[in-house]
Amino acid sequence: MSPVGRRGAGHTGDFGRLLAPGRIGGLDLPNRVIMPAMDMNLCVDGSVTDAEIDHYAARAAGGVGLVITGTGAVSWPVGAASMHQPGFSDDRHIAGMAKLADAVHAQSGRVAMQLCHHGKVSTIDMANDRPLLVPSVPVPAMDLSTLGDCTVDELMGLANASGGKMPTYRAATDDDLDEVIDAFAAAARRVKAAGIDAIEIHAAHGYLLSTFLSPGYNHRTDQWGGSVDNRARLTCEVVRAVRAEVGDGYPVLVRINGHEFGPDGGITAHIAAAQAVLIAAAGADAIHVSANAHDPFANFTAGPLPDTVAAYRPIAATVKRALVAAGHDVPVVGVGRVLPEAAEDMLASGDCDFVSMGRQLLADPDLVAHLADNHRAAVRPCINCYVCVEQNFFDLTPRCAVNARLGRGELDGVGQADTSGVRCW
Ligand SMILES: Cc1cc2nc3c(=O)[nH]c(=O)nc-3n(C[C@H](O)[C@H](O)[C@H](O)COP(=O)(O)O)c2cc1C
Ligand code: SF4
């Protein structure tokens, strides 16, 4: 089958909507399936490596419409969560990104990179005794009691990136925020210069921009806090600065929390919808509606990796309706354990325009190709076991309970055992 056929363009089977072409900003996509950012932790010194490239090129080869790379730090290693994540802070990072773009394009795929400042989760700042940037102090406390269930080895693993240091926090000043905005814009310039097809601004999951968006974390009384508009100001300024750098037509997606699980007082779907309208007006080409748990230890299976199918569908629908009502023809990307049947239904109802499938695509890089081949039964299902993300907590490369190949020679086979002489009984 041709590469286009394996991406589903013009498909008339059970997944006709999922496999129909779409457009984000100036970028035509062959289908509605996006692979959301998932850290692989395979970068070296902030640069994308061949191992990382192989992983994303394998998803492009499997027909994914748009592959988004695991999150990277705009001021790397400042504001970073890992020494193994992509960095965007220096022109020397461009070469690896360019190689990634070429490899994905060689598979007829499209690739975006996710830009982040990790704020209160900047583990590398912690390791280097730098205070973590937050909207306001004190930072709301988390219930860490479940750490008591961990073994000493697990606790040591959780401290891999931070070196076991404890965090200190600092409320960002106007100068800090100007630097952050400039860093996002400079990062966007480098990503575009590398030939990467799109950018996603990470304003979700408890990182810096999302803490400014959140009434639970942002208690400021200046222009950066106090009202929905003020709390959205930092994300909107980042979008404007990025847009000014990359120009019209270059696709800029923004990932937000559609809900914060945990104590009352966090982001709700209605707050997220109002923020999405402001972010779209600032120049975003798509809104990716995720969700987060205030307390990763207590609420992790609620967000951002939910255990129920299509968990955030109503939230995406609320955001989509608000955008339409405000006159913004901006696609919404739905996420949250979206299986193909749920995806088809979400697209049919207009609750969203694209879907992200994260763990499904770790488990089976060829998911889209199987659907395009009318072979749904061939899709290897993610069993929702959380093994992959556990490895991230230890600052390691994800392993998958159902896909032994994840992260090692997925496309090029490098590192795979030669099983040609092996016989089963
Ligand atoms: C191993 C792993 C790493 C992740 N890393 C990121 C990340 O870097 N940035 C991000 O926005 N979300 C990240 N996520 C969340 C996913 O993008 C996605 O939103 C989540 O897995 C829910 O989608 P799913 O149910 O289809 O897996 C990660 C998820 C996993 C499993
Ligand atoms: S490790 Fe488990 S949760 Fe993660 S992708 Fe594989 S099957 Fe799914």
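### Quick word on the overall build of the protein
Now for step 1: Scanning the protein from N- to C-terminus turns up 14 helices and 13 strands.
Now for step 2: For a compact globule of 425 residues, the expected C-alpha radius of gyration is about 22 Å, and the protein comes in at 20 Å, within 12% of that figure.
Now for step 3: Along the first, second and third principal axes, the C-alpha set of the protein runs to 65 × 55 × 40 Å.
Now for step 4: Considering only intrachain contacts with a sequence separation of at least 6, the fraction spanning at least 24 residues in the protein is 71%.
Now for step 5: Here the protein displays about 16,400 Å² of accessible surface, and carbon together with sulfur accounts for 54% of that area.
Now for step 6: Seen as two clouds, the 33 positive and the 48 negative side-chain charges of the protein have centres 4 Å apart.

### Concerning the site of ligand 2
Now for step 1: Near ligand 2 lie 13 residues; those nearest to it are Cys382, Cys385, Tyr386, Cys388 and Cys400.
Now for step 2: Sorting the residues of the shell around ligand 2 by element identifies helix H12 (359-363) and helix H14 (387-393) as the ones contributing at least two each.
Now for step 3: Taken together, the residues that form the shell around ligand 2 break down as ten nonpolar, one polar and two charged.

### Quick notes on the site of ligand 1
Now for step 1: Around ligand 1, the structure places 21 residues, and the nearest of them are Ala37, Arg255, Arg337, Gly358 and Arg359.
Now for step 2: A distance of 2.7 Å is found between an oxygen atom of ligand 1 and a backbone nitrogen or oxygen belonging to Arg337.
Now for step 3: Relative to its unbound accessible surface of 600 Å², ligand 1 loses 97% to contact with the protein.
Now for step 4: Looking at the shell around ligand 1, the element that brings in the most residues is H14, giving three residues.
Now for step 5: A breakdown of the residues in the shell around ligand 1 according to their chemical character gives ten nonpolar, seven polar and four charged.

### Some thoughts on helix H9 (residues 269-281)
Now for step 1: Taking 1.5 Å of rise per residue, the 13 residues of H9 would be expected to cover 18 Å, and the 18 Å separating its terminal C-alpha atoms lies within 8% of that figure.
Now for step 2: Every buried residue of H9 is listed here: Ala269, Ile271, Ala272, Ala273, Gln275, Ala276, Ile279 and Ala280.
Now for step 3: Once H9 ends, the next one or two residues include Gly283, with phi positive near 125°.

### Structural notes on the pattern of salt bridges
Now for step 1: In this structure the tally under the stated criterion is 16 salt bridges.
Now for step 2: Two residues, Asp45 and Arg92, come together in a salt bridge whose shortest N-O distance is 3.1 Å. Taken as a pair, Asp45 in the loop between strand E3 (33-35) and helix H2 (50-61) and Arg92 in the loop between strand E5 (72-73) and helix H3 (94-106) lie far apart in primary sequence, 47 residues in all.
Now for step 3: Between Asp125 and Arg130 there is a salt bridge; the shortest N-O distance is 2.7 Å.
Now for step 4: A single salt-bridge network, built from bridges that share partners, covers Asp91, Arg189 and Arg190.

### Details of the pairing of strand E9 (residues 198-203)
Now for step 1: Within E9, six of the six residues are buried, which leaves it mostly tucked inside the rest of the structure.
Now for step 2: By the alternation rule, side chains of E9 split into Ala198, Glu200 and His202 and Ile199, Ile201 and Ala203, which are all buried.
Now for step 3: Two elements, strand E6 (residues 111-116) and E9, share four bridges in a ladder whose sense is parallel. Its bridge partner lying in E9, Ala112 is registered against Ala198.
Now for step 4: Here E9 pairs with strand E10 (residues 252-261) via five bridges, running parallel. Residue pairing in the sheet places Ile199 in a bridge with Val252 of E10.

### Here we look at the pairing of strand E11 (residues 286-293)
Now for step 1: When you tally the buried positions in E11, you get eight out of eight residues, the bulk of the element.
Now for step 2: Neither face of E11 is open: one carries Ala286, His288, Ser290 and Asn292, the other Ile287, Val289, Ala291 and Ala293, and all of them are buried.
Now for step 3: Of the strand pairs in this sheet, E10 and E11 are connected by seven bridges, and their pairing is parallel. Its bridge partner lying in E11, Leu253 is registered against Ala286.
Now for step 4: Handedness of the crossover is the feature at issue here: the chain leaves E10, passes through H9, returns alongside E11, and the resulting connection is right-handed.
Now for step 5: As judged from the three bridges shared by E11 and strand E12 (residues 332-334), these two strands associate in the parallel manner.

### Concerning the packing of aromatic side chains
Now for step 1: Counted according to the given criterion, the structure contains one aromatic pair.
Now for step 2: For the pair Phe261 and Tyr312, a centre-to-centre distance of 6.3 Å together with 35° between the ring planes defines the contact as tilted. Of the two residues, Phe261 is situated in strand E10 and Tyr312 in the loop between E11 and helix H10 (313-325); the sequence distance between them amounts to 51 residues.
Now for step 3: Judged by relative accessible area, Phe261 falls into the partly exposed class, the value being 24%.
Now for step 4: One residue, Arg32, lies across the ring of Phe354, its end atom 5.2 Å from the ring centre.
Now for step 5: Over the face of the ring belonging to Tyr386 we find Arg359, whose NZ or CZ atom lies 5.2 Å from the ring centre.

### Notes on the packing of H2 against H3
Now for step 1: Viewed as axis vectors pointing N to C, H2 and H3 meet at an angle of 25°, and their least axial separation amounts to 9 Å. In terms of axis orientation, H2 runs roughly parallel to H3. As for how H2 packs across H3, the hand of that crossing is right-handed. On H3, the residues touching Asp50, Ile53, Tyr56, Ala57 and Ala60 of H2 are Gly96, Lys99, Leu100, Ala103 and Val104.
Now for step 2: Grouping the constituent residues of the contact of H2 with H3 by class yields seven nonpolar, one polar and two charged.

### Re a negative patch on the surface
Now for step 1: Residues Asp174, Asp175, Asp178, Glu179 and Asp182 make up a contiguous surface patch of negative charge.
Now for step 2: Note on Glu179: relative accessible area 57%, which makes it exposed.

Rules of the game
- Residues numbered from 1 in each chain as written.
- Chains lettered and ligands numbered in written order.
- Predicted model: local features only at pLDDT ≥ 70, side-chain atom pairs only at ≥ 80, totals over all residues.
- Heavy atoms only, no water.
- Helix = DSSP H or I, 4+ residues; strand = E, 2+ residues; numbered from the N terminus.
- Rg over C-alpha atoms; globule rule 2.2 N^0.38 Å.
- Contact = heavy atoms within 4.5 Å.
- Areas by Shrake-Rupley, 256 points an atom, 1.4 Å probe, with all protein chains shown as cover.
- Lys, Arg positive; Asp, Glu negative; His and termini not counted.
- Charge placed at Lys NZ, Arg CZ, Asp CG, Glu CD.
- Near = heavy atom within 4 Å.
- Nonpolar A, V, L, I, M, F, W, Y, C, P; charged D, E, K, R; others polar.
- Polar contact = N/O pair within 3.5 Å; in protein donor to acceptor, adjacent residues only side chain to side chain.
- Expected span 1.5 Å × (residues − 1).
- Buried < 20%, exposed > 50% of the residue type's maximum accessible area, 1.4 Å probe, protein only.
- Salt bridge = Lys/Arg side-chain N within 4 Å of Asp/Glu carboxyl O.
- Pairing = 2+ DSSP bridges.
- Right-handed = clockwise from strand over helix to strand, strands pointing away.
- Phe/Tyr/Trp six-rings, centres within 6.5 Å; stacked < 30°, edge-to-face > 60°.
- Lys NZ or Arg CZ within 6 Å of the ring centre and 35° of its normal.
- Axes fitted to C-alpha atoms, helices over the stretch in contact; angles between N-to-C directions.
- Parallel < 35°, antiparallel > 145°, perpendicular 65-115°, else oblique.
- Left-handed = near helix turned anticlockwise from the far one by under 90°.
- Patch = residues over 30% accessible without salt bridge, like charges linked within 9 Å, V, L, I, M, F, W, Y side chains within 5 Å.

Bear in mind that shape data such as this cannot, by itself, settle questions of function.
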